[in-house]
Amino acid sequence: MTPKVAVVNSGIHVHARPAELYLTADSMSGRLNMNVIYDSNVFEDGVVREWLGEVKEAVLWYLGQTHQSRRC
C-alpha cells in the first residue's frame, strides 16, 4: 500500500514572528497533517509552496521506505 499525501489549504491565518518560517505536523486517525506558518513579508508564496512540495516528497520517500522495511 502506497502512502497517500495531499496538500490541503485550511484557510487559517496565523501570524509568524518577523522573518520566521515554521513547519508543524500532527497525525490523527492515520492521517498526517503538515502546516507552514511564515512571514509573508519575507518569504514569497511560490518559494514556500516549492519548499513544502520538497518536504512532501521527502515524507513520501521516508514513509515508503518504512513500509518496505516492515514487509521484510
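Residues numbered from 1 in each chain as written. Predicted model: local features only at pLDDT ≥ 70, side-chain atom pairs only at ≥ 80, totals over all residues. Heavy atoms only, no water.

Undergrad: I'd love a proper account of the overall build of the protein chain, names of residues and values included.
TA: Check the secondary structure of the protein chain and you find one helix and two strands. Taken from the N to the C terminus, the helices and strands of the protein chain come in the order β-β-α. By the burial criterion, 12% of the 72 residues in the protein chain qualify as buried. Accessible surface, the protein chain: about 6,300 Å² in total, of which carbon and sulfur atoms supply 54%. (Helix = DSSP H or I, 4+ residues; strand = E, 2+ residues; numbered from the N terminus. Buried < 20%, exposed > 50% of the residue type's maximum accessible area, 1.4 Å probe, protein only. Areas by Shrake-Rupley, 256 points an atom, 1.4 Å probe, with all protein chains shown as cover.)

Undergrad: How would you explain the pairing of strand β2 (residues 31-38) if you had to name every residue and give the values?
TA: In this sheet, β2 lies alongside strand β1 (residues 21-28) in antiparallel orientation, the contact comprising eight bridges. Residue pairing across strands places T24 opposite N35, the latter belonging to β2. (Pairing = 2+ DSSP bridges.)

Undergrad: Go over unusual backbone geometry, please, and point to the residues and values.
TA: Non-glycine residue S29 carries a positive phi angle of around 55°. Looking at where S29 falls in the secondary structure, it is placed in the loop between β1 and β2. For S29, a relative accessible area of 78% puts it in the exposed group.

Undergrad: Summarise the confidence of the model for the protein chain; cite the residues concerned and give the values.
TA: Chain-level pLDDT for the protein chain is 78 on average; 69% of the residues reach the 70-or-more range. Here helix α1 (residues 45-71) stands out as the least confident element of the protein chain, with mean pLDDT 81; β1 is the most confident, with 87. (pLDDT = per-residue confidence, 0-100.)

Undergrad: An account of the side chain of D39 is needed here, citing residue identities and associated values.
TA: With respect to the helices and strands, the residue D39 is situated in the loop between β2 and α1. Only 2.7 Å separates the side chain of D39 from the backbone nitrogen of A19, close enough to count as a polar contact. Once residues lying within four places of it in the same chain are set aside, the contact partners of D39 are A16, R17, P18, A19 and E20. (Polar contact = N/O pair within 3.5 Å; in protein donor to acceptor, adjacent residues only side chain to side chain. Contact = heavy atoms within 4.5 Å.)

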